[in-house]
Amino acid sequence: MDGDRFSEEEIVANTIVTMVGGQETTTNLIGNGVLALLRHPVELERLKADHSRIPCAVEEMLRFEPPSQHTARLAPYDTEMGGKFIRKRQAVIAVMAAGNRDPERFPDPDRFDCSREDNRHLSFGWAAHFCFGAALARIEGQIAFEAMLRRLPSWTLEPGPLAWRTNLGLRGLEALPLTFKNASTGPLRSDLSPCP
Ligand code: HEM
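As the structure is a prediction and not an experimental result, all values here were calculated from the model.

A. Structural context of the pattern of salt bridges. Across all of its chains, the model carries twelve salt bridges by this definition. With a shortest N-O distance of 3.1 Å, K48 and E45 are connected by a salt bridge. Taken together, the residues K48 and E45, both in helix α2 (residues 41–49) and three residues apart, mark about one turn of the helix. Put simply, R105 and D118 hold a salt bridge, and the shortest N to O gap is 3.3 Å. Of the two residues, R105 is situated in the loop between α4 (96–99) and α5 (134–151) and D118 in the loop between α4 and α5; the sequence distance between them amounts to 13 residues. Through salt bridges with shared partners, a single ionic network connects E60, R63 and R116.

Here you go:
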């Protein structure tokens, strides 16, 4: 705007953030969400019975097992937070995954509850750098779960240990071995309403 243009370096940096930020995160939303449902069979059955609950279930998956666990900032000035003194330019790690389990904000935060109300989690960040792809990621998650629940109605986790990827920032599984049966190829609905 007003003649201000991105430098080549800024274009490359933004392309990398968009490519990286939009790939593994959404993959992990789907993988972590499938695992959460398999570990909470009552929630899975409720979702199977009523697909209109999928948008709220995706929000709960994001809160409960966030694909992006933390972010970092340099303090813009000397400040105090939570009883700690932070100097200007000191690095601060903000763990969104911990905020999502704050019992002062989320009642019974360790419970995976796809009917949770007022589920304003931090999994897409906050304020100026709030995830640019949040709307797309939500739609991708909703479409993926609707397709899986409709076409693969019976899921079973194969026995054996699960390995999480050794990435401090991105939370996701190395693999999620499933078996399923009764595949149907009925048409997909696309009339899901957003989670209020
Ligand atoms: C479930 C999927 C996703 C999760 C959990 C996620 C998470 C996040 C988080 C936490 C941030 C804030 C980082 C910070 O404040 O330091 C962020 C920023 C960003 N995300 Fe996502 N993201 C997802 C999907 C996507 C998709 C699909 C795209 C692009 C198509 C995308 C592009 C970006 C970009 C460009 C930023 C930087 C925004 C800025 O700095 O202003 N993300 N994302």
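B. Highlighting the coordination of the iron atom of the ligand. Here the protein supplies the iron atom of the ligand with just one donor, C131 (SG), and that contact is 2.3 Å long. Within the secondary structure, C131 sits in the loop between α4 and α5.

C. Quick peek at the site of the ligand. Around the ligand lies a shell of 23 residues, among which G21, T71, R73, H129 and C131 are the nearest. Between the ligand and the protein, one listed contact pairs an oxygen atom with a side-chain N or O atom of H129 at 2.7 Å. Only α1 (8–39), β1 (70–74) and α5 provide two or more residues apiece to the shell around the ligand. Residue contributions to the shell around the ligand peak at seven residues, all from α1. Taken together, the residues of the shell around the ligand sort by class into eleven nonpolar, eleven polar and one charged.

The rules behind each value
- Residues numbered from 1 in each chain as written.
- Predicted model: local features only at pLDDT ≥ 70, side-chain atom pairs only at ≥ 80, totals over all residues.
- Heavy atoms only, no water.
- Salt bridge = Lys/Arg side-chain N within 4 Å of Asp/Glu carboxyl O.
- Helix = DSSP H or I, 4+ residues; strand = E, 2+ residues; numbered from the N terminus.
- Donors = N, O, S within 2.8 Å, 3.2 Å for Na, K, Ca; no water.
- Near = heavy atom within 4 Å.
- Polar contact = N/O pair within 3.5 Å; in protein donor to acceptor, adjacent residues only side chain to side chain.
- Nonpolar A, V, L, I, M, F, W, Y, C, P; charged D, E, K, R; others polar.

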